[in-house]
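# Fold and contact review
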Amino acid sequence: GTLPSMAGADRVLCYGRDRETHKQFKEDVKAAAKEMGHPDGVSLIVDVIHGDLFQDALVSCIKPLGKICLVGFVAGQKPIKPGLLLIKEATVVGSLWGRWARANPIEFRNNMNEILNFMAEGKIEPRADNM
């Protein structure tokens, strides 16, 4: 199986940089959630981008009492309207990998080697929208 499925993910969906891909993402998420028996939305979102479309693309897809894990902000930090989280009763958890990596350099190096091996073996295919 794929790495995300081995880790327990039912689906992995990516949202893009523009309104059109954002709209398609929302439709894909809603269809996948419904197909899996969760018409109210998804229970967990892991976001490493936190870009302009974060709020519309992700908060609208989370089910009531769902969790959003912010792992990074490569597209910059954007304000989050707490009212939307309140309506969804969603929990947002932040995690900075850099602090952990500095505190655990050997484990970090092992993780990076594992990720690079996954790429070399074709188990993951990183997506780059812009370079």
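In what follows, the structure referred to is the one given above.
Below is a summary of the structure that appears in this document. (Residues numbered from 1 in each chain as written. Predicted model: local features only at pLDDT ≥ 70, side-chain atom pairs only at ≥ 80, totals over all residues. Heavy atoms only, no water.)

### Considering the environment of Leu 84
Counting through the fold element by element, Leu 84 comes out in helix α4 (residues 82-88). Leu 84 gets classed as partly exposed once you look at its relative accessible area, which sits at 33%. For Leu 84 and Ser 60, which are 24 residues apart along the polypeptide, the C-alpha to C-alpha distance reads 8.4 Å. Setting aside its immediate chain neighbours within four residues, Leu 84 contacts Gln 55 and Val 59. (Helix = DSSP H or I, 4+ residues; strand = E, 2+ residues; numbered from the N terminus. Buried < 20%, exposed > 50% of the residue type's maximum accessible area, 1.4 Å probe, protein only. Contact = heavy atoms within 4.5 Å.)

### Concerning unusual backbone geometry
Phi is positive for Leu 65, close to 70°, though the residue is something other than glycine. Position of Leu 65 relative to the elements: it lies in strand β2 (residues 62-70). Phi at Glu 89 takes a positive value of approximately 55°, unusual for a residue other than glycine.

### Focus: a nonpolar patch on the surface
Residues Leu 44, Val 46, Val 48, Ile 49 and Val 74 make up a contiguous nonpolar surface patch of about 460 Å² in total accessible area. Position of Val 46 among the secondary structure elements: in strand β1 (residues 42-47). (Patch = residues over 30% accessible without salt bridge, like charges linked within 9 Å, V, L, I, M, F, W, Y side chains within 5 Å. Areas by Shrake-Rupley, 256 points an atom, 1.4 Å probe, with all protein chains shown as cover. Salt bridge = Lys/Arg side-chain N within 4 Å of Asp/Glu carboxyl O.)

### Considering the pairing of strand β3 (residues 91-94)
Inspection of the sheet shows β2 paired to β3 by 4 bridges, in the parallel sense. Bridge assignment links Cys 69 to a residue of β3, and that residue is Val 93. Handedness of the crossover is the feature at issue here: the chain leaves β2, passes through α4, returns alongside β3, and the resulting connection is right-handed. (Pairing = 2+ DSSP bridges. Right-handed = clockwise from strand over helix to strand, strands pointing away.)

### With respect to the pattern of salt bridges
One pass over the structure, following the stated rule, counts 1 salt bridge. Note that Glu 121 and Lys 123 form a salt bridge whose closest N and O atoms lie 3.3 Å from each other. A relative accessible area of 36% means that Lys 123 is categorised as partly exposed.

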